[in-house]
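If you want the building blocks of each chain, they are given just below.
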Amino acid sequence: MKVNKPKYRFLILILLLEFSCTSFLGAQAVPGKDENIPFLVTFGKFGKTSWGDNDFYQIFFFSVLKDYTKPFYIRVFDPDCGGENDEIQGDFNSKFSFAVYGGKGVDPDKNEDSKGLEKGVNYKTGNLLASKVFGTEARYDNKYYTFGPFNPSEGDFNERWNSYIFKIVCEGLAGDDGNLYRFFLSRDQNNNLPIEGANAFTYAYTFRMWNDFKSVAHIYPFVDTGIVFIKQSNFDWDNDGKILVVSRYKQGVEVPISNENVWESSNIPIEPAEVNSSLDFQFHKKQGDLVKNNNVVVTLKNQRGDALKFYSSPIGGVPVYIPKTTITKIAPKK
Ligand SMILES: [Ca+2]
Ligand SMILES: [Ca+2]
Ligand SMILES: [Ca+2]
Ligand SMILES: [Ca+2]
């Protein structure tokens, strides 16, 4: 039998591309690889909100597909507050707890309190699986501390995503300094090895910008079914340039930006075609005077007041604007 070689090669190429796309689905670095965000940040509870953290705690959720049944680890980079990376106020005198939760009560689709958005509610829901308090400790400075092993079935099962949900809470117990850190969900205790199909998300994203004019940070909220508009809120952006919303259908909608220690909010209409995909919130720094060590908080709600999730690995991939002329051409006829 004669094989049509060019066609055969083409098929193999397609298969390889498909394979490489699926095998990299889901990344568990937090902040994610497409976000261009150096660190998450949480201040000690005696910090000032004008330094860019409105509530002195941060919650991240991890989802692990049901098919993955081996143990996994949650690795925290630079969990201490001192030495490298962290934001000193006077001297380093702060303490932070990192706590991992699993079991019933964690899944924010079922338990609103778990999102940690409302003041005064107990967001430490679920079973405490592990925790540790960090101060100024050279041992963990610029290094990883690893929580785990955890068994995936210790999480709170979510049917819709066919995944077990876990969460980690960082809380500023004492002092006023800023703790900068990152997470990695890993299948290895000592290395960052991603788990296929896993992801991470939050509802209130508190992060640090790079000290670089040219640098653009991105965060990727998922627009779920039934959303017709969203209310964006940004806190303590220090008038540092522009915040733009990009999607397949938005080339770059500029939103009102906050100055020092205040929230700024606005409504953004959502096109039906943007439903079930991610938006790209872009943070473009002001050119000229460098706003140094800019920490910012972002939250989104839909028209019903429900918070949107920001995924570390955007659902459906990074959205890219498609010019309208192209959309008209390829749109199917009704
Ligand atoms: Ca201090
Ligand atoms: Ca440090
Ligand atoms: Ca730190
Ligand atoms: Ca700020």
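Now for a look at the structure at hand. (Residues numbered from 1 in each chain as written. Chains lettered and ligands numbered in written order. Predicted model: local features only at pLDDT ≥ 70, side-chain atom pairs only at ≥ 80, totals over all residues. Heavy atoms only, no water.)

Some points on the overall build of the protein chain
Counting its secondary structure elements, the protein chain contains 2 helices and 21 strands. Sequence separation of 24 or more characterises 81% of the internal contacts of the protein chain that already satisfy a separation of 6 or more. Split by element, the accessible area of the protein chain, about 16,200 Å² in all, is 54% carbon and sulfur. (Helix = DSSP H or I, 4+ residues; strand = E, 2+ residues; numbered from the N terminus. Contact = heavy atoms within 4.5 Å. Areas by Shrake-Rupley, 256 points an atom, 1.4 Å probe, with all protein chains shown as cover.)

Observations concerning the coordination of the calcium ion (ligand 4)
Summarising the metal site, the calcium ion (ligand 4) is bound by the protein donors D236 (O), D236 (OD), D238 (OD), N294 (OD1) and N295 (O), whose distances to it range over 2.3 to 2.5 Å. Sequence spacing among the residues donating to the calcium ion (ligand 4) works out to D-x1-D-x55-N-N. Residue class for N295 comes out buried when judged on its relative accessible area of 0%. (Donors = N, O, S within 2.8 Å, 3.2 Å for Na, K, Ca; no water. Buried < 20%, exposed > 50% of the residue type's maximum accessible area, 1.4 Å probe, protein only.)

Focus: the coordination of the calcium ion (ligand 3)
Taken together, D78 (O), D78 (OD), D80 (O), D86 (OD), D86 (OD), N179 (OD1) and L180 (O) make up the protein donors of the calcium ion (ligand 3), found 2.2 to 2.9 Å from the metal. All donors of the calcium ion (ligand 3) come from a single chain, and their spacing in sequence reads D-x1-D-x5-D-x92-N-L. The two metals, the calcium ion (ligand 3) and the calcium ion (ligand 2), are separated by 3.9 Å and share D78 as a common coordinating residue. Of the two residues, D86 sits in the loop between strand 4 (72–77) and strand 5 (95–102) while L180 sits in strand 10 (residues 178–186), which places them 94 residues apart along the sequence.

Side note on the pattern of salt bridges
This model, assessed by the stated rule, comprises 12 salt bridges. A salt bridge links D107 to K110, with the nearest nitrogen and oxygen atoms 3.3 Å apart. Classification of D107 as buried rests on a relative accessible area of 1%. (Salt bridge = Lys/Arg side-chain N within 4 Å of Asp/Glu carboxyl O.)

A look at the environment of G126
If you trace the backbone, G126 turns up in the loop between strand 5 and strand 6 (127–134). Judged by relative accessible area, G126 falls into the partly exposed class, the value being 30%. Through-space distance from the C-alpha of G126 to that of D107 is 8.6 Å; in sequence the pair is 19 residues apart. Beyond its immediate chain neighbours, meaning those up to four positions away, G126 contacts Y101, G102, G103, K104, G105 and V106.

A word on the side chain of S186
Position of S186 relative to the elements: it lies in strand 10. Classification of S186 as buried rests on a relative accessible area of 0%. In terms of polar contacts, S186 uses its side chain to reach the backbone carbonyl oxygen of N191, at 2.6 Å. A distance of 3.0 Å separates a polar atom in the side chain of S186 from the backbone nitrogen of L193. Once residues lying within four places of it in the same chain are set aside, the contact partners of S186 are F72, Y73, R75, N191, N192, L193 and I195. (Polar contact = N/O pair within 3.5 Å; in protein donor to acceptor, adjacent residues only side chain to side chain.)

Re the pairing of strand 9 (residues 163–174)
Counting buried positions along strand 9 gives 10 out of 12 residues, so the element sits mostly inside the fold. Sheet topology note: the strand 3 (residues 57–65)/strand 9 ladder contains 9 bridges and is antiparallel. Looking across to strand 9, one finds that I59 is bridged to V169. Sheet topology note: the strand 5/strand 9 ladder contains 7 bridges and is antiparallel. Residue pairing across strands places A99 opposite V169, the latter belonging to strand 9. Inspection of the sheet shows strand 8 (residues 156–158) paired to strand 9 by 3 bridges, in the antiparallel sense. Within strand 9, the position partnered with N158 by the bridge is S163. (Pairing = 2+ DSSP bridges.)

Some points on unusual backbone geometry
Of the consecutive residues V30 and P31, the connecting peptide bond is found in the cis state with omega at 0 degrees. In the segment running from G148 into P149, the intervening peptide bond is cis, with an omega of 10 degrees. Within the secondary structure, P149 sits in strand 7 (residues 144–150). Phi is positive for D78, which is not a glycine, with a value near 55 degrees. Structurally, D78 can be placed in the loop between strand 4 and strand 5. Even without being glycine, D236 reaches a positive phi, approximately 60 degrees.

A closer look at the side chain of E87
Relative to the assigned elements, E87 resides in the loop between strand 4 and strand 5. Residue classification places E87 among the buried positions, given a relative accessible area of 11%. Residues contacting E87, with those up to four places away along its chain left out, are F43, W51, F92, D177, G178, L180, R208, N293 and N295.

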